[in-house]
Amino acid sequence: MSKKKLNILFVASEVFPYAKTGGLADVAGVLPKALKELGHNIIVVMPRYYQIDKSKLTHVDGALGVPMGPMGELWAGVFTTKLPQSEVSVYFIDYEHFYGRRSLYDENGTPYEDNDNRFIFLSKASLQLCKMLDFKPDIIHANDWHTASLPLLSKTRFAEDFSNAGTVLTIHNLEHQGNFYKGGMDVMEIGWHHFNPMEFESHDRLNLLKGGIAHADAVTTVSKRYAQEIQTSEFGFGMEHHIRAHASKLFGILNGVDYDEWSPAVDKHIAEHFDIGNMNGKLECKRALQKHFGLELRDDVPLIGFVGRFATQKGIGLIAGIISGLMQQDLQIVMLGTGEKWAEHYFGEISGRHSDKFALHVGYSDALAHQIEAGCDMFLMPSLFEPCGLNQIYSLRYGTLPIVRATGGLDDTIENFDEAHNSGNGFKFYAPTHDALYHTVMWAVGVYKNNQKAFLSMQKRAMKNHFSWRDAALAYEDVYKYALAKHTK
Ligand code: ADP
Ligand code: GLC
């Protein structure tokens, strides 16, 4: 097929560097740039959350009328800027009533009650914005449940302007499906005949992701392994049958890494730069991290890091179960995260009891995340499921060897250490059990202490791994073509 330059509308609920709670933001902040570099014309749309400073953005003239069913037409403002170091325009939908809040999705662990309206609004506003800008998308790319109404909206309520667009929905995490009171059907204005178990209905409630999967021309998820896993009852969160029914249009595309952000040679947050050719800086980063956390200052002790949401998904239950045992060993652990309160308290207590070898930072800190990647010897990511996972891939570049459970993207990116063949880039375990995790951590610690040569050569192998956004963008390009071809049949 000759190379056609596509107009792409890319909509996400969070985009780095403007708003981020997890990996979706990292992806939404970089993939559009990689697509632009392939020659496509792409715009990104997200909410103008309260925390995003309007004064740094450009106001777009005109007001955006967004039809919201029984709520009538709501009028939003629009701001814009370019994604850093790029020509990709990002548009921010400004609507105080929905986005003028302290957080993105929830407060104190309680989701905002009107999250259905907030994100149906975003989806509809993005289509109205295209009309206002006279931007005619060939492809509408939605992400997760927040924008999963887009595929059907473009074919029903907004068909007049968008019926020719191919639609792609990327699932970043199947656990979160956008499950709401069914009244949201009226707000979408797509017709109640779409409220049935094959489309938007799940146990008499509205399930936005389910409807999105049914109606998108193509569905992607963020690793090949996860694309397989979500078709099983173990990983399907009740959606496995629905996904299997649509498996012919499901593709797994592994996320890439923004090496301008995540690379020890250029990282602006770390104590000293380093690279394969000169690893001295890594030791300085380790010392700085130990100092920052008030740990015993020792070069020879293995330092293990964790960065992530304190959520069941991330295996924090497994870590909690072995932490006392690990505290009997000669090692150090630092954890950065926030989320489930029991975990914040439990790990807090451990850090009080073992302050020379265990440290915790409850909260969100971009700089500290980078410092942990750089300063640790190993990175702990024992997720129960992991659609892609970015932190283990970032760790590789910093020579911080991942200890992971073999699931989803973790399994696709980490190859187990094989001493006999001097191969692998990390340590992997299979069963989600305390024993398996404990023994794998102790295995890694053993290699660190007793086989420094193998450890160093594995670090160097890991640092050479390259997870390119360009490759991912090329794969998305194929999916776009598939969606378009299917759509225009
Ligand atoms: P998920 O999207 O499931 O949370 P990923 O591994 O894909 O997991 O991405 C998580 C991203 O969020 C990474 O960039 C990670 O560094 C960042 N992150 C998670 N928790 C924190 C935190 N407490 N402070 C800083 N960054 C964090
Ligand atoms: C989700 C997943 C994570 C993935 C990220 C970006 O939050 O939990 O595994 O890396 O999305 O796709």
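Every value quoted in this text rests on a predicted model; they were computed, and no experiment measured them.

### A few points about the side chain of asparagine 196
Structurally, asparagine 196 can be placed in the loop between α6 (184-188) and β11 (201-202). Within the local environment of asparagine 196, its side chain forms a polar contact with the side chain of glutamate 199, the two groups lying 2.8 Å apart.

### With respect to the site of ligand 1
What surrounds ligand 1 is a group of 22 residues, the closest being Lys20, Gly23, Asp26, Arg309 and Lys314. Between ligand 1 and leucine 390, the relevant distance is 2.9 Å, taken from an oxygen atom to a main-chain nitrogen or oxygen of the residue. Within the complex, the protein chains bury 93% of what would otherwise be the 570 Å² of accessible surface of ligand 1. Contributing elements (two or more residues each) for the shell around ligand 1: α1 (23-37), β15 (303-310), β16 (332-339) and α14 (391-397). Sort the elements by how many residues they give to the shell around ligand 1 and β15 lands first, with three residues. Across the shell around ligand 1, the residue classes break down as eight nonpolar, nine polar and five charged.

### A few points about the sheet that holds strand β2 (residues 41-47)
Spatially, nine strands are ordered β3-β4-β5-β2-β1-β8-β9-β13-β14 in an open sheet, and the strand pairing comes out mixed. The sheet terminates laterally at β3 (58-67) and β14 (250-252), the two strands that pair on one side only. Pairs of neighbouring strands in the sheet enclose a mean axial angle of 25°, with direction left out of account. Looking at chain direction, strand β9 (residues 166-171) and strand β13 (residues 218-221) are connected through four bridges and run parallel. Considered in β13, the bridge of threonine 170 is made with threonine 220. Sheet contacts for helix α7 (residues 208-215): β9 and β13; angle to β9, the most-contacted strand, approximately 135°.

### Remarks on the site of ligand 2
Around ligand 2, 14 residues are found, and the nearest of them are His172, Asn255, Glu386, Cys388 and Gly389. Within the side chain of histidine 172, a nitrogen or oxygen atom sits 2.7 Å from an oxygen atom of ligand 2. At 2.5 Å from an oxygen atom of ligand 2 is found a side-chain nitrogen or oxygen belonging to glutamate 386. In isolation ligand 2 exposes 310 Å². Once the protein is present, 93% of that is buried. Counting residues per element, the shell around ligand 2 draws most heavily on α1, at three residues. Taken together, the residues of the shell around ligand 2 sort by class into six nonpolar, six polar and two charged. Counting contributing residues, the shell around ligand 2 receives three or more from each of domain 1 (7-256 + 469-487) and domain 2 (280-464).

### Brief notes about the nonpolar core
Grouped together as the largest cluster of nonpolar side chains are 98 residues, with contacts concentrated most on Leu9, Met46, Tyr49, Ile93, Phe121 and Leu209. Apart from the residues within four sequence positions on either side, isoleucine 93 is in contact with Val45, Met46, Pro47, Arg48, Leu64, Ala76, Gly77, Tyr99, Phe121, Leu122 and Ala125.

### Re the packing of helix α11 (residues 316-326) against helix α12 (residues 341-353)
Running from N to C, α11 and α12 cross one another at 20°; their axes reach a closest spacing of 11 Å. With respect to their mutual orientation, α11 and α12 come out roughly parallel. Note that α11 runs across α12; the crossing there is left-handed. Across from Ile316, Gly317, Ile319, Ala320, Ile323 and Ser324 in α11, the residues of α12 making contact are Trp342, Ala343, Tyr346, Phe347 and Ile350. Along the lines of polarity and charge, the residues of the contact of α11 with α12 split into nine nonpolar, two polar and no charged.

### Description of the environment of threonine 147
Within the secondary structure, threonine 147 sits in the loop between β8 (139-143) and α4 (150-155). Exposure remark for threonine 147: the relative accessible area of 0% places this residue in the buried category. Each C-alpha atom, one on threonine 147 and one on glycine 65, is 18 Å from the other, the two residues being 82 residues apart in sequence.

### A closer look at the domain arrangement of the protein
You can read the domains of the protein as domain 1 (7-256 + 469-487) and domain 2 (280-464). Here domain 1 and domain 2 have C-alpha centroids that lie 33 Å from each other. Taken together, the connections running from domain 1 to domain 2 amount to one salt bridge. Counting across the interface, domain 1 meets domain 2 through nine residue pairs in polar contact (both at pLDDT 80 or more). Of all the secondary-structure elements, those providing two or more residues to the side of domain 1 that touches domain 2 are α1 and α8 (224-229).

### Side note on the packing of helix α10 (residues 280-293) against helix α13 (residues 366-375)
If you want to describe how two helices pack, look at the angle between their axes and the distance between the axes. As a packed pair, α10 and α13 sit with axes 8 Å apart at the nearest point and diverge in direction by 125°. Comparing their axes, α13 and α10 come out oblique. Where α10 crosses over α13, the handedness of that crossing is left-handed. Counted together, Lys282, Cys285, Lys286, Leu289, His292 and Phe293 of α10 and Leu368, Gln371, Ile372, Glu373, Ala374 and Gly375 of α13 form the full contact between these two elements.

Rules used throughout
- Residues numbered from 1 in each chain as written.
- Chains lettered and ligands numbered in written order.
- Predicted model: local features only at pLDDT ≥ 70, side-chain atom pairs only at ≥ 80, totals over all residues.
- Heavy atoms only, no water.
- Helix = DSSP H or I, 4+ residues; strand = E, 2+ residues; numbered from the N terminus.
- Polar contact = N/O pair within 3.5 Å; in protein donor to acceptor, adjacent residues only side chain to side chain.
- Near = heavy atom within 4 Å.
- Areas by Shrake-Rupley, 256 points an atom, 1.4 Å probe, with all protein chains shown as cover.
- Nonpolar A, V, L, I, M, F, W, Y, C, P; charged D, E, K, R; others polar.
- Pairing = 2+ DSSP bridges.
- Axes fitted to C-alpha atoms, helices over the stretch in contact; angles between N-to-C directions.
- Contact = heavy atoms within 4.5 Å.
- Domains from an automatic or database assignment.
- Core = buried A, V, L, I, M, F, W, Y, C linked by side-chain atoms within 4.5 Å.
- Buried < 20%, exposed > 50% of the residue type's maximum accessible area, 1.4 Å probe, protein only.
- Parallel < 35°, antiparallel > 145°, perpendicular 65-115°, else oblique.
- Left-handed = near helix turned anticlockwise from the far one by under 90°.
- Salt bridge = Lys/Arg side-chain N within 4 Å of Asp/Glu carboxyl O.

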